[in-house]
Amino acid sequence: MIKLAIFDLDGTLINSIMDLADATNYALRECGFPEHPVEKYNYFVGDGVNNLILRAIPEDSRCDATISNVKNLFSEYYNKHYSDKTYIYEGIIPLLNNLKKKGVQLAVASNKPDQFTKEIITDLFGTEIFDFVQGHKEGIPHKPDSRIIKEAMSFLAVSDKETVMIGDTNVDIKTGKNAGIRTIGCLWGFRDEHELKEAGADYIVSNPAEIFDILT
C-alpha cells in the first residue's frame, strides 16, 4: 500500500514555465544576451537554476562570473514575480484532497531553490496539504540524486515499498529509480511521453485523476 506520494513541483503540480522564462529572459536582456521563446524553457528547466542559466547563456559566454551575474538577476526578478503567471494544473487540488482523505501523506521534492519552493507551495496550496516540502539546498546534489527522496521517507517514517515519485521529466523518474521506489510520469508537464518511457516510468498518466486510481 502506498503511504507517501512525492511530487515534483514545476510541470507536475504547477505550470510555472512563463514566470521562469520571463525571469531568465529579463536577466539575459539586462546582460545584453539574446532572449529565448517560452517553448525553449521546457527543456532548459528541470535540473536546477544553475543548469537553467547555463543553458540559456550563449555558449561562448559561459564563464563563472557571467553565470553568477545572470543567476543573481534571475533570482532578484523571480523573487518578485514567481506567481505572476504560474497556476496549479487542473485536477491537482481534487487529487491531493482525495489522497489525504485516504490517509496518503504528501510531499514535494523539487530542484527549484528551497526558498522559492516553500514560498510557492505556501502561496498556492497553503500550509495544510503537504507533510514535507523541500527544494534544492546548497551543498546537496540536485535530483536525480535520491537524497531528497530519502529525507522525505525518513522524516515521514515510510519505507521505499510504501512510496511513489510523481513527476513530468526524466529527472523525476530517474530520482525515483535511484531511491528504489515506483514512479509515475505526467504528460501534462514540460516533457513528452517518449522521454518518460525511455527513463523507465512505471506508469504514465494523462490526467491527475489517474494517479488516484493507481495509488488506491
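For the structure given in this document, a descriptive report is provided here. (Residues numbered from 1 in each chain as written. Predicted model: local features only at pLDDT ≥ 70, side-chain atom pairs only at ≥ 80, totals over all residues. Heavy atoms only, no water.)

**So, the pattern of salt bridges**
- Per the stated rule, a full pass over the model turns up twelve salt bridges.
- For E35, the salt bridge goes to R29, with nearest N and O atoms at 3.1 Å.
- Among the residues examined, E35 registers a relative accessible area of 40% and is labelled partly exposed.
- Here K177 ties to D202 by a salt bridge, and the two come within 3.3 Å at their closest N and O atoms. Placement of K177 in helix 8 (residues 170–179) and of D202 in the loop between helix 9 (193–199) and strand 8 (203–205) is noted, with a sequence separation of 25 residues between them.
- For K177, a relative accessible area of 36% translates into the label partly exposed.
- Its relative accessible area of 37% is what places D202 among the partly exposed residues. (Salt bridge = Lys/Arg side-chain N within 4 Å of Asp/Glu carboxyl O. Buried < 20%, exposed > 50% of the residue type's maximum accessible area, 1.4 Å probe, protein only. Helix = DSSP H or I, 4+ residues; strand = E, 2+ residues; numbered from the N terminus.)

**Section: helix 7 (residues 147–156)**
- Every buried residue of helix 7 is accounted for by I148, I149, A152, M153 and L156. When helix 7 is viewed along its axis, its buried side chains cluster within an angular range of 140 degrees and face the same direction. Projecting away from the buried face of helix 7 at angles above 90 degrees are the exposed residues S154 and F155.
- Tucked into the core, helix 7 has its buried residues touching strand 1 (4–7), strand 4 (105–113), strand 5 (132–136), strand 6 (163–167) and helix 8.
- Positive backbone phi, at 55 degrees, marks A157, one or two positions downstream of helix 7. (Arc of directions from axis to C-beta. Contact = heavy atoms within 4.5 Å.)

**Observations regarding the state of the cysteines**
- All told, the structure shown has zero disulfides when counted by the stated rule.
- Free cysteine C63: the closest other cysteine sulfur is in C31, separated by 10 Å.
- C63 gets classed as partly exposed once you look at its relative accessible area, which sits at 38%. (Disulfide = S-S within 2.5 Å.)

**Re the packing of aromatic side chains**
- In the structure shown here, the tally under the stated rule is eight aromatic pairs.
- Taken together, a centroid distance of 6.1 Å and an interplanar angle of 70 degrees make the contact between Y87 and Y89 edge-to-face.
- Given a relative accessible area of 44%, Y87 falls into the partly exposed group.
- Taken together through their ring pairs, the aromatic side chains of F74, Y78, Y82 and F116 make up a single cluster. (Phe/Tyr/Trp six-rings, centres within 6.5 Å; stacked < 30°, edge-to-face > 60°.)

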